[in-house]
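What follows is each chain in one-letter form.
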Amino acid sequence: MVEFAQQLIDGFGLGSEYALLALGIGLTFGVMRMVNFAHGELITVSAYVAYGLTLVGMDWWVLVPVIMATSIATSVALEMVAFRWVRGASDFAMLLMSFGVHFVVQAGFVMYVSASSRGFERPDWINRTTSVGGVRVEVVDIAVIVVAVVTLLVTLAILRKTIYGLAIRAAAENFDTARLLGVRSNLVIRSAFALAGLLAGVAAVLFLMRTGRAAPDAGLLPMLKGVLAALIGGLGRLQGAVLGGILLGIVEVQLVSRLPDELDGMVNGITFVLIALLFVFRPAGILRTRARERV
């Protein structure tokens, strides 16, 4: 029972990070109907910024807001440079653009920085453990859960209680009608990308504290997990994105704990197979959504 509780905490910690990414992906999907496969590049860019600043001795308490600001700026820049030109285009064109941005950014780091992974110093407390009700858990898991829950609650409050959030939700419901009612499309889309960048920035801080690694593909696997989490919960459902992230994290931790050591490298593959089976039997995700099209 103690072991299960410990695994559950680990799963919630990992799943909370996936939920932050899934929520950002869900936001951009809501306003543009585009699954953004370049979302992971926000983590990649932030990782190299963190690597460069740790080389000059910047403390993590200062580094955290810098990483978040970098992620927001990168997200808005990608929207202005790339995604604004495919607004209103076919779903396939927008999907190709997101893949193109991903490969261009990754190739840029490979060509002009390094194809090798670069490690940097992590916070001193990252490997500490504490006792919670007789269960030994890592301090980082508690920190991740608390930060993620607070971030998600604040985000949902912004979307539900503010004019800014109302505009984003209206655009997600019916973009053309919202625009006819006076919602400024450029502002809404850019704001959604900025908020998605903030969520990715928080996730980037949590991922980088765990890994202490900068590489051209640093954001690839987290991005894929974020997309999977959003799909599990049903694209367009923000609550579903959070639920999908938590479930995905718990499933991964359970697989790692139960598979033989020699099969640890297959965890991601098995996870993707399980998700594929989910889509076969429940293609709309756990929380079903109504299909909406722009007219």
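Residues numbered from 1 in each chain as written. Predicted model: local features only at pLDDT ≥ 70, side-chain atom pairs only at ≥ 80, totals over all residues. Heavy atoms only, no water.

Asker: Please set out the packing of helix α2 (residues 41-55) against helix α8 (residues 185-211) residue by residue, giving values where relevant.
Answerer: Look at α2 against α8: their axes get within 9 Å of each other, and the N-to-C directions meet at 55°. Judged by the inter-axis angle, α2 sits oblique to α8. As α2 runs across α8, the sense of the crossing is right-handed. In contact with Leu42, Ile43, Ser46, Ala47 and Ala50 of α2, α8 contributes Gly197, Ala200, Ala204, Phe207 and Leu208. Looking at the contact of α2 with α8 residue by residue, the classes come out as 8 nonpolar, 2 polar and no charged. (Axes fitted to C-alpha atoms, helices over the stretch in contact; angles between N-to-C directions. Helix = DSSP H or I, 4+ residues; strand = E, 2+ residues; numbered from the N terminus. Parallel < 35°, antiparallel > 145°, perpendicular 65-115°, else oblique. Left-handed = near helix turned anticlockwise from the far one by under 90°. Contact = heavy atoms within 4.5 Å. Nonpolar A, V, L, I, M, F, W, Y, C, P; charged D, E, K, R; others polar.)

Asker: Describe the environment of Ala107, listing the residues and the values that go with them.
Answerer: Along the chain, the position of Ala107 falls in helix α4 (residues 91-112). For Ala107, a relative accessible area of 33% corresponds to the partly exposed category. Along the backbone, Ala107 and Asp217 are 110 residues apart, and their C-alpha atoms lie at a distance of 9.6 Å. (Buried < 20%, exposed > 50% of the residue type's maximum accessible area, 1.4 Å probe, protein only.)

Asker: An account of the nonpolar core is needed here, citing residue identities and associated values.
Answerer: Ranked by internal contacts, the top residues of the largest apolar core, which has 73 residues, are Leu20, Met32, Trp60, Ile67 and Phe83. For this core, the element with the highest residue contribution is α8, accounting for 15 residues. Setting aside anything within four residues of it in sequence, one finds Leu20 in contact with Ala148, Thr151, Leu152, Leu199, Val202, Ala203 and Leu206. (Core = buried A, V, L, I, M, F, W, Y, C linked by side-chain atoms within 4.5 Å.)

Interpretation in functional terms is not warranted from these geometric data alone.
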